[in-house]
Amino acid sequence: MQRYLVLEDGTIYQGTAFGANQETTGEVVFTTGMTGYQEAITDQSFANQILVFTNPLIGNYGVNLDDNESLLPQIKGVVCRKLAHVATNWRMQDTLDNFLTQRGIPGLEGIDTRALVKKLRRYGTLRGRLVDQTEGITQVIADLKKATPMKNVIPQVSTKNPYPNPGTKRNIVVVDFGIKHSILRELAKRDCNVIVLPYNATAKQILSLHADGVLLSNGPGDPLEMKGAVEMVAEVEQHLPVFGICMGHQILALANGAKTVKMKFGHRGFNHPVKNVATGAVNFTSQNHGYAVDASSIDPTKLLITHLELNDQTVEGIRHKHYPAFSVQFHPDAAPGPHDADQLFDDFISLVDQRKKGQN
Amino acid sequence: MPKRTDIHKIMVIGSGPIIIGQAAEFDYSGTQACLALKEEGYETVLVNSNPATIMTDKEVADHVYIEPLTVATITRILRQEAPDALLPTLGGQIGLNLAVALNKTGILDEMGIEVLGTKLSSIDQAEDREKFKELMQELSEPVPASLTVATVDQALDFAKMVGYPVIVRPAFTMGGTGGGLANNETELTEIAKNGLELSPATQCLIEKSIAGFKEIEFEVMRDATDNTMVVCCMENFDPVGIHTGDSIVFAPSQTLSDREYQRLRDCALKLISALKIEGGCNVQLALDPNSYDYNVIEVNPRVSRSSALASKATGYPIAKLAAKIAVGLTLDEVKNPVTKTTYAQFEPALDYVVVKIPRWPFDKFSKADRRLGSQMKATGEVMGIGRTAEEALLKAIASLEIDQKDLLSREAQEASDRELEAKLVHPQDDRLFYIAEAFRRGYSLDDLHELTQINHYFLDIVAGLVKEEGQIARAGLEPATIRQAKQDGYSDATIAQLVNRSPIAVRNFRKQNGIVPVYKMVDTCAGEFDSATPYFYSTYEAENESKRTDRPSVLVIGAGPIRIGQGVEFDYATVHCVRALQKMGYEAIVINSNPETVSTDFSVSDKLYFEPLTLENVLNVADLEQPIGVIVQFGGQTAINLAAGLEENGIKILGTTVKDLDAAEDREAFDQVIKDLGLRQPIGMTTTSRQGVLDAAKEIGYPVLVRPSYVLGGKAMEIVDNQAELEAYLDQNEAVTGSHPILVDSYLEGTECEVDAICDGERVLLPGIMEHIEHAGVHSGDSMAVYPPQSLSNDVKAQIEDATKKLAVALKCIGMMNIQFIIHDNQAYVLEVNPRASRTVPFLSKVTQIEMTQLATRVIMGTSLAEQGYQGGLVQESQLVYVKAPVFSFSKLGDVDSYLGPEMKSTGEVMGADVSFEKALDKAFAGAGMAVPNNGAVLLTIEDGDKAQILPLAKRFNAIGFALFATCGTASFLKKHGLPTTTVAKLNEAGQPAILDVIKDKGVDLVINTMGHDDEKNSDGFIIRQTAIEHHVPLLTALDTVAALLCALEMKSYRTTEL
């Protein structure tokens, strides 16, 4: 079956449909990761986005329950050059095609994805729609042009109710802005008893839980919408170790007076080299963000820039000068992507342990 | 960290002659390294014995030495040049081994020369099996369990412990002879017993088998500050069990989930950090397809064949950065040479698929053992790039330069089911085509997986393509079908075959329907950043990224994969042609399919199209680029073969025209030219009947050279001295001679020589004449050659000069040509003319210091020789003497007869230069690995017909103190002539010592064997030669070479005379 990707600038790409039979609209973004399509598709930070894979092939090893990054993927659509006919892997439980169909996510294959990516690189992220017929396409384009960016995505993807991820030893509160499961996996590996709270958790609520530390998760959309969370962090950081990842990083920055900006086409992929400013060491990191912290807005009396993207100097990590709070723009939890930076979870745990030790 | 300022002068060691396992990729890496060091302002000294390389150009390094790669020679150069440092990690295994050997002599410490790149201790740790195993244990990284055993019981105990199957690898046998896979106790008992018997050390390594695991390679880099990164991850189509150099390889990895990929990546980076490698490194891993288990197979602590492939596959120049890291720069401060906007610390992202297929020499060696296993057998490789795996695979097949142009194999079609399955279970070079055939016969994916252990995903690529064959055949020339076929990589020629049309009809149909290729850039970053790499591949999609410029452009056709007869020499010529064009202001555009070479380094040309060298692909590029013409003279026979088709399609062939190219190759037309010019050539006749052959021979006069016009593997070419022999020949070769015309040529005894000449239509320049050491009967590519000639009179030289001038002008040669002569009775006879650059061009260019290719390129572009300052004629000879010697790879190829004959067998060459012929010879032998001591023992096994010739040679050996060994016939002959000779027992004779034992026990230092060159596998001569090669005893099969070796030995020997 034929399917089309229509962009707001009027470009139409014709290809073949897979996944769900459903039309969809979203912000068209691309990722350069060459593996990990399942983790990317189930990453809630892609909420309301149509994801283009630059790797020409996806679906080759199927999908399995272990590698999901959320229960209900929020992605709007998947675009690739080719979907594998045959998938094999010893852990495979389903084909990607089936998986997408069941979750109502449409896919499009067989288009010149490289041409599309170059367009996104030139013009920045564009809105697009996946449709199954050419009739009324002019109207589609007109609608795309008029459409305003989706607002308040985090409330849709964040958990509605608190839930535990039981463990022993350390009590960690995770604030869910659209959390990837791999963050919980990393905490579980490190003997943490986790309570996940919705995005709108207040400082009072968190402090009443006698947590040893707070982790601010990743999530989709514009951090400026998270006013409540910013206020929460400004309070909590004075009392507890805080670790922010991706959206969590932006919120920590905002809570300390910095500003965030929308990037032209963002960082999505996992070959982004990030330099640790103090040690000079460079790690390859998994990234998925369309907003970034404005370096010039950082108040040097409060925050220290700890990590920078090697190529475009994006602020990739900050640390509070007075409180045990730090954050990174990238995903130390990887999945998909390299494990180079998983040490950061250990750093967080040692902040937590130090504080506990001090209290005893 | 900034680059080091405490060192100024650096020596780089090259990898020597091309042999199987060590090919053109090291010319590429060495050249890149030298240029990178130069770029950083260091003075460079380069040593390599291989003249047919770009790295030995004076433009590449400041001081170039083409000398044998021996400790003695390099020590001398170290003392002469006194470099501050040595960079050995870019010259393959040879470079590494030499650095280790030099270090042992103490010269490096004595002179305070630092080894750059990876430290020698790390090299040792990676290369020494036991130390490596220890390191892996320390790092908790798994390696296949193994144990060296000396008895069958030990083997059984170990297998019981680790579980079956196990692999038995006998120690010190060639190509794993006597080893094998044992699935149970019975099998192991048998194989281990056999292996222990065959092993000279009575030792076998028993290793737990991981055959069937996925074989994954990582190309990783590290700098001195411990920044590490992966450049490329590659996955073998063939599971573990076949040498990676003989495997079909895909990049990026195709079947790994992110979890699997990241675990393996972690392991690769852990290893490179633990080994403290500074530069590039190759890590080979095996992944269980049914669990998370993996094993480390091996680590190469240097730039390798795989890194060259990874560089071309990603665009990321590994060798260049390895050199920069070696002088202290770090990955996060060097710019990515591809994007120029990002840093070198960047893991490339691919938005295409790359397929590498090895190029095996079995078209030349029809008798060779074609089974693939742990010993690499390929001489070269090709790479296909496409947006899908299907497209990349078919493009790679089309690039192979073998009969097989796609998945349609007649041979496979004709095979019985039984033969087919045997081919699937026991992999050979042609397995891919049998897989396709099996799908045609209805085998399922599961069936084929069961038979081959190849992953379903890979098999499905082939299955899908086979299915599409039917669709194309049914639909015919229908736009949607053809568009899809082109997207999947089908060539016009294959489509034409499927729809019963001509390739040109398919091409025209495509163009009429707007089905034309676009060209995509290889940019390391999947389009994320803006780049300007002039490196493209074709595909059938929407956006074309290669833009034609306003500058006049010229297409230069490369030579494709390295194979026997068409080696790195042609890449040398291609690169020089590009340089000349660029200097003249043209845009030089290269098309080539070989990932190992300098010509496919995108920084060499103005634009590189990485494409199969087929008419279709060249025409497509020409359609886009609208060049002023195409140069075909420098890409060997591959490029020449494209000329006629290009011209038919309206593309201008620059230089010698197609009509004149044909004249040189058409026997009749050529004979007429020779006649008209009053030149001599051996008389020749073509006939079709038995009686015709006999009559022709009589008319021409014996001896004659007789062969079928269609010669396969040099078989059935023979020199016969009389009618009886000729009749015997005809009886023996009835099968071949019955169906083809027979060529009968007068066989002239004499010295062979050849010239490479440049002609502008009027003037002809002969930079030099090369005299062959071996007489006719040995292929010119396998002959040793000397410049300037040592035995030719001035008169003969004048004849050669005259004939060359006349021929070049008469054949309307514009550019380069090669002519071979035989000197008989002081007369020069023309044997053969090749209207193109030959394999001797780099050698002759280096020794005469005339950049022949560049000169010829300017001639081709319209600048006359006179305008370039050359009057023409034979250039004055040099004072130094230069000898070129062939190098062979017999030890890698089972069942190939090492007897030299009319069919070329060598894979590479070395050069020796010195003030005298003898000294130059000595160096050439040393460079070619012919390490014969000044005196010792020589074993002579000589065919009866050669006995008269051996006597003077045996006397000379005797005179310089060699002991003579021979089998009874030769021994009694020599004894009769007063030469003390030890008799050895023939193969089937009782008695002591037995001939093979003498060779195996190194009782002799040299084996001379001219017996039974009938290609028969089990002949005594064959077995003796094989044994010599297996035991690394120098072997000579041509008595002319023996005479040359004696010259060198005599020079080094002292006279011992009685007072």
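Digging into the overall build of chain A
Here comes step 1: Helix and strand counts for chain A come out as 10 helices and 19 strands.
Here comes step 2: A compact globule built from 360 residues should have a C-alpha radius of gyration of about 21 Å, and chain A, at 20 Å, falls within 12% of that.
Here comes step 3: Dimensions of chain A, computed from the C-alpha atoms along their principal axes, are close to 70 × 45 × 40 Å.
Here comes step 4: Burial analysis of chain A (360 residues in total) assigns 58% to the buried set.
Here comes step 5: Sequence-distant contacts, at least 24 apart, represent 73% of the contacts inside chain A between residues at least 6 apart.

Some remarks on the interface of chain A and chain B
Here comes step 1: Residue-level contacts link 41 residues of chain A with 44 residues of chain B.
Here comes step 2: Every element with two or more residues in the side of chain A that touches chain B is listed here: helix H3 (113-123), strand E15 (260-276) and strand E16 (282-293) of chain A.
Here comes step 3: Sorting elements by how many residues they give to the side of chain A that touches chain B places H3 of chain A first, with five residues.
Here comes step 4: For the side of chain A that touches chain B, the residue count by class is 18 nonpolar, 14 polar and nine charged.

Some details on the pairing of strand E10 (residues 214-222) of chain B
Residues and elements named next belong to chain B.
Here comes step 1: Within E10, nine of the nine residues are buried, leaving the element largely enclosed by the surrounding structure.
Here comes step 2: Side chains of E10 alternate between two faces, with Lys214, Ile216, Phe218, Val220 and Arg222 and Glu215, Glu217, Glu219 and Met221 buried alike.
Here comes step 3: Inspection of the sheet shows E10 paired to strand E13 (residues 279-287) by nine bridges, in the antiparallel sense. Its bridge partner lying in E13, isoleucine 216 is registered against leucine 285.
Here comes step 4: Bridge analysis of E10 against strand E11 (residues 228-236) gives seven bridges, and the strand direction is antiparallel. Within E11, the position partnered with isoleucine 216 by the bridge is glutamate 235.
Here comes step 5: Here E10 hands over to E11 after five residues, with aspartate 226 in that stretch at a positive phi of 70 degrees.

Points about the sheet that holds strand E22 (residues 629-631) of chain B
Residue and element names in this part refer to chain B.
Here comes step 1: Strand order in the open sheet formed by six strands is E17-E18-E21-E20-E19-E22, and the pairing between neighbours is mixed. At either end of the open sheet lies a strand with only one pairing partner, and these are strand E17 (518-521) and E22. With strand direction ignored, the average angle separating the axes of adjacent strands in the sheet is 30 degrees.

With respect to the domain arrangement of chain A
All names here are of chain A.
Here comes step 1: For chain A, the assigned domains are domain 1 (2-146) and domain 2 (154-359).
Here comes step 2: Spacing between the C-alpha centres of domain 1 and domain 2 amounts to 28 Å.
Here comes step 3: Every contact between the two is made by 23 residues of domain 1 and, on the other side, 22 residues of domain 2.
Here comes step 4: For the side of domain 1 that touches domain 2, the secondary structure elements donating two or more residues are strand E3 (24-31), helix H1 (37-41) and H3.
Here comes step 5: When residues of the side of domain 1 that touches domain 2 are assigned to their parent elements, the largest contribution, three residues, is made by E3.

Side note on the sheet that holds E16 of chain A
Residues and elements named next belong to chain A.
Here comes step 1: Overall, mixed pairing links the 10 strands, which are arranged E10-E12-E11-E13-E14-E19-E18-E17-E15-E16 in an open sheet. The open sheet terminates on both sides in strands that have one partner only, identified here as strand E10 (163-165) and E16. Neighbour to neighbour, the strand axes of the sheet diverge by 25 degrees on average, direction disregarded.
Here comes step 2: For strand E11 (residues 170-175) and strand E13 (residues 213-216), the ladder comprises four bridges, and the chain directions are parallel. Pairing of valine 173 across the sheet is with valine 214, part of E13.

Here's the deal with the nonpolar core
Nonpolar side chains in soluble globular proteins tend to be buried together.
Here comes step 1: Counting residues in hydrophobic clusters, the biggest one holds 430 residues, and the most contacted among them are Leu51 of chain A together with Leu87, Val220, Val556 and Ile557 of chain B.
Here comes step 2: Taken domain by domain, this core gets at least three of its residues from each of domain 1 (2-146) and domain 2 (154-359) of chain A.
Here comes step 3: Apart from the residues within four sequence positions on either side, valine 556 of chain B is in contact with Thr574, Cys577, Val578, Ala588, Ile589, Val590, Ile631 and Phe634 of chain B.
Here comes step 4: With 14 residues, the next largest nonpolar core counts Ala159, Val166, Ile167 and Leu196 of chain B among its residues.

Rules used in this analysis
- Just so you know, the residues in each chain are numbered from 1, in the order the chain's sequence is written.
- Starting at A for chains and at 1 for ligands, labels are handed out in the order in which the entities are written.
- Where local features are concerned, this predicted model is filtered to residues with pLDDT of at least 70; where side-chain atom pairs are given and counted, the filter is 80 or more; whole-chain, interface and lining totals use all residues.
- We count a stretch as a helix when DSSP gives it H or I for four or more residues in a row; a strand needs E for two or more, and each element gets its number in order from the N terminus.
- Between the two quantities, the radius of gyration covers C-alpha atoms and the globule rule is 2.2 Å times the number of residues to the power 0.38.
- Three exposure classes are used, based on other C-beta atoms lying within 10 Å of a residue's own C-beta, which is placed from the backbone: buried for 20 or more, exposed for 12 or fewer, and partly exposed in between.
- The contact rule is simple: place each C-beta atom from the backbone, and if two of them lie within 7 Å, those residues are in contact.
- Following the grouping adopted for this structure description, the nonpolar residues are Ala, Val, Leu, Ile, Met, Phe, Trp, Tyr, Cys and Pro, the charged ones are Asp, Glu, Lys and Arg, and the polar ones are all others, Gly among them.
- Only when DSSP finds a minimum of two bridges between them are two strands counted as paired.
- Lines fitted to C-alpha atoms define the axes, with helix axes restricted to the stretch in contact, and inter-axis angles between N-to-C directions lie between 0 and 180 degrees.
- Boundaries of every domain are those given by an automatic assignment or by a domain database.
- Think of a nonpolar core as buried Ala, Val, Leu, Ile, Met, Phe, Trp, Tyr and Cys residues chained together by C-beta atoms that fall within 7 Å.

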